[in-house]
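These are the residues of each chain, in order.
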Amino acid sequence: MTVLRTRVAIVGAGPAGLLLSHLLARAGIASVLLDSRSRQEIETTIRAGILEQGTVEILGEIPGSRVHSVGRRHDGIELAFDGEGHRIDFAGLVGRGVWLYPQHEVLRDLVAARLADGQDLRFGVTVEGVEGADTAAPGVLATDAEGRPLRLEAEVVVGADGSHSIVRRSVWGGHAAGMFREYPYAWFGILCEAPPSAEELIYSRSADGFALISQRSPTIQRMYFQCDPDLDPASMSDAQIWDTLQRRVPGTTLHEGAIIQRDVLRFRSFVASDLRRGRVVIVGDAAHTVPPTGAKGMNLAVADVVLLAEALEASLTRADERPFDAFAERALRRIWKAQHFSWWMTSMLHVAPGQSEFDARRALGELRTVAESEAGRTYLAEGYTGWPLG
Ligand code: DHB
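Rules used in this analysis
Residues numbered from 1 in each chain as written. Predicted model: local features only at pLDDT ≥ 70, side-chain atom pairs only at ≥ 80, totals over all residues. Heavy atoms only, no water. Pairing = 2+ DSSP bridges. Helix = DSSP H or I, 4+ residues; strand = E, 2+ residues; numbered from the N terminus. Axes fitted to C-alpha atoms, helices over the stretch in contact; angles between N-to-C directions. Parallel < 35°, antiparallel > 145°, perpendicular 65-115°, else oblique. Contact = heavy atoms within 4.5 Å. Nonpolar A, V, L, I, M, F, W, Y, C, P; charged D, E, K, R; others polar. 1 Å grid on protein atoms, 1.4 Å probe; cavity = no way out; pocket = protein on both sides within 12 Å on 5 of 7 lines; lining within 4 Å. Points joined across faces, edges and corners; volume = space filled by probe spheres on them. Expected span 1.5 Å × (residues − 1). Buried < 20%, exposed > 50% of the residue type's maximum accessible area, 1.4 Å probe, protein only. Near = heavy atom within 4 Å. Polar contact = N/O pair within 3.5 Å; in protein donor to acceptor, adjacent residues only side chain to side chain. Areas by Shrake-Rupley, 256 points an atom, 1.4 Å probe, with all protein chains shown as cover. Phe/Tyr/Trp six-rings, centres within 6.5 Å; stacked < 30°, edge-to-face > 60°.

Asker: An account of the sheet that holds strand 4 (residues 50-52) is requested, with residue identities and associated values reported.
Answerer: Within a sheet, adjacent strands bond to each other through the backbone by hydrogen bonds, running parallel or antiparallel. On the basis of which strands lie adjacent, the open sheet formed by three strands has the order 4-8-5 and antiparallel pairing. A single partner strand is all that each edge strand has here, and the edge strands are strand 4 and strand 5 (72-74). Within this sheet the neighbouring strands show an average axis-to-axis angle of 35 degrees, counted without direction. Relative to strand 8 (residues 98-100), strand 4 is paired through three bridges, and the arrangement is antiparallel. By the bridge assignment for strand 8, Ile50 is matched with Leu100.

In structure tokens:
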């Protein structure tokens, strides 16, 4: 058995784990980062694409970050319903924006920066559990990439290992340790080879359901439409996909092209009942998941980690435990705001199966209330571009 010692053991090399190791290193705190996946898998999995302004400010400070050169600033979105589009002008309403910069590009930047800095970052390591959460020396038990047992001892263990978190399951047990909400719909997502169909993202509610016209680059686009959670992605022809998307954005003519990837994303809301037990903490998707409408997932992970890095710096360099003791409560304030925002965008824009005429018209009334009022548009713009961090 290999035994390693570090100050902070981080499980999961996603945005939360990688950013935390960077912020800790900047404060002079050593960490070891473990992930079961390969570097290539981490850097190529297609995830969301929108970064809040505060997220960009943090990522932009990382040496070698391409967020400003490759990412593109968006100053608004279009909210479409009842056959009409309504622009939400983020820059004009709140003086803030968002950046279209796909998550796998964020990960490429972070992995490169961490390795260049000499980070102990181990891929292909399967974590089996965490021991001693309530002691001063918790440990992570794992199997390394060569199949040998590994024990990583630390002062703090951080589970940044996603919605199926082993750290959460190992320390808190089972699936019951949290609050859930299921949604009766999912998203059918495609990547296609085509130019953008519009300058900004379009969030559209049509009588048949929701569609989101997003982007990836000048030649690749990402689009989604609401579907049944049990739909088999292979069951629709390309022509049926384009027909479905086009009918859901009646005011826009979509530029069609070869569909190079398709997937069905089920979604739900979850908040773990505790973010911390003893010297073990969970952050990002391990602690909470949000439905994708409004793109809060990765941004919320970044916000958790900014708070946690401050708390660990106080605890590990100044023996001041107060920020660490306050961490969960402070993080949960933003987590519940983001839960509400994601739920609100989702429920207002989607058509629930069997939705009554009353509820459908009420949702249109809600969208009109938002779009036709400066206060309503400002509320959306504040949530979408992100509340201040820290
Ligand atoms: C994307 C995903 C989202 O959930 C969203 O609200 C906006 C954009 C995307 O993948 O591009």
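Asker: Break down the packing of helix 8 (residues 297-318) against helix 9 (residues 322-349) for me, with residues and values.
Answerer: Where helix 8 meets helix 9, the closest approach of the two axes is 9 Å, and the angle between their N-to-C directions is 170 degrees. As summarised for this structure, helix 8 and helix 9 are arranged roughly antiparallel, according to the angle between their axes. In this structure, helix 8 contributes Leu300, Ala303, Asp304, Leu307, Leu308, Glu310, Ala311, Leu312, Ala314 and Ser315 to the contact, and helix 9 contributes Pro323, Phe324, Phe327, Arg330, Ala331, Arg334, Ile335 and Ala338. Of the residues contributing to the contact of helix 8 with helix 9, the split by class is 13 nonpolar, one polar and four charged.

Asker: Quick rundown of the layout of surface pockets? Include the residues and the values.
Answerer: Once rolled over the atoms, a probe with the size of a water molecule shows which space is left empty. Approximately 270 Å³ is the volume found for the second largest pocket. Forming the boundary of the second largest pocket are 20 residues, of which Asp82, Arg205, Ser206, Ala207 and Leu364 lie nearest the centre. Residue assignment for the lining of the second largest pocket shows that the elements contributing at least two residues are strand 6 (76-81), strand 7 (84-89), strand 15 (202-206) and helix 10 (357-371). Take the lining of the second largest pocket: its biggest share by element is four residues, from strand 15. Looking at the lining of the second largest pocket, its residues break down into nine nonpolar, seven polar and four charged.

Asker: Explain helix 10 residue by residue, including any values.
Answerer: Between its first and last C-alpha atoms helix 10 spans 21 Å; for 15 residues at 1.5 Å apiece the expected length is 21 Å, and the two agree. Of the surrounding elements, those touching the buried residues of helix 10 are strand 6, strand 7, strand 15, helix 9 and helix 11 (374-385).

Asker: Talk me through the pairing of strand 3 (residues 31-34); I want residue IDs and the actual numbers.
Answerer: Residue alternation in strand 3 divides its side chains into two sets, Ser31 and Leu33 and Val32 and Leu34, and both sets are buried. Here three bridges tie strand 3 to strand 9 (residues 120-122), and the two strands are oriented parallel to one another. Residue Leu34 lies in a different strand from strand 9, and its bridge partner there is Arg122.

Asker: Give a detailed account of the site of the ligand, specifying residues and quantitative values.
Answerer: In the vicinity of the ligand there are 13 residues, among which Tyr203, Ser214, Arg216, Tyr224 and Pro292 approach most closely. Backbone polar atom of Pro292 to an oxygen atom of the ligand: 2.6 Å apart, as the coordinates give it. In the complex, the protein chains occlude 99% of the 300 Å² of accessible area that the ligand would expose alone. Its residues assigned to classes, the shell around the ligand comprises nine nonpolar, three polar and one charged.

Asker: An account of the packing of aromatic side chains is needed here, citing residue identities and associated values.
Answerer: The full count for this structure, using the stated rule, is 14 aromatic pairs. The interplanar angle of 55 degrees and the centroid separation of 6.0 Å between the aromatic rings of Tyr185 and Phe267 together place this pair among those described as tilted. Highlighted residues: Tyr185 in strand 14 (residues 178-193) and Phe267 in strand 18 (residues 258-272), separated in sequence by 82 residues. Phe267 shares its class with Tyr185; the two are buried. On the basis of an interplanar angle of 75 degrees and a centroid distance of 5.0 Å, the ring pair of Trp344 and Tyr379 is categorised as edge-to-face. In this pair, Trp344 sits in helix 9 while Tyr379 sits in helix 11, placing the two residues 35 residues apart along the sequence. Residue classification places Trp344 among the buried positions, given a relative accessible area of 7%. Taking the relative accessible area as the measure of exposure, Tyr379 reaches 39% and is therefore partly exposed. By the ring-pair criterion, three or more aromatic residues cluster together here, those being Phe90, Tyr183, Tyr185, Trp187, Tyr203, Phe210, Tyr224, Phe267 and Tyr384.

Asker: Describe the environment of Asp134, and please don't skip the residues or the numbers.
Answerer: Mapped onto the elements of the fold, Asp134 is located in the loop between strand 10 (126-131) and strand 11 (139-143). The exposed category is assigned to Asp134, whose relative accessible area is 55%. Distance from Asp134 to Met223, taken between C-alpha atoms, is 45 Å for residues 89 residues apart in sequence. Among residues more than four places away in sequence, those in contact with Asp134 are Arg277 and Gly278. A polar atom in the side chain of Asp134 sits 2.9 Å from the side chain of Arg277.

Asker: Requested: an account of the sheet that holds strand 3, with residues and values cited.
Answerer: Strands sit in the order 9-3-2-13-20-19 across an open sheet of six strands; the sheet is mixed. The two strands at the open ends of the sheet, each matched to only one other strand, are strand 9 and strand 19 (276-277). Relative to strand 20 (residues 280-282), strand 19 runs antiparallel, the two being bridged by two bridges. Within the sheet, the bridge partner assigned to Arg276 lies in strand 20 and is Val281.

Asker: Requested: an account of unusual backbone geometry, with residues and values cited.
Answerer: Located in the positive-phi region is Asp82, a residue other than glycine, with phi close to 55 degrees. The topology assignment puts Asp82 in the loop between strand 6 and strand 7. A positive phi angle is found at Ala295, which is not glycine, with a value near 60 degrees. The residue Ala295 is located in the loop between strand 21 (288-289) and helix 8 in this model.

Asker: Could you give an account of the pairing of strand 7, naming the residues involved and the relevant values?
Answerer: Sheet faces and side chains relate simply in a regular strand, where the side chains alternate between the two faces. The sheet contact formed by strand 6 and strand 7 spans six bridges and is antiparallel. What sits directly across from Gly76, in strand 7, is Asp89. Where strand 6 folds back onto strand 7 in an antiparallel hairpin, the turn is made up of two residues, including Asp82, whose phi is positive at roughly 55 degrees.

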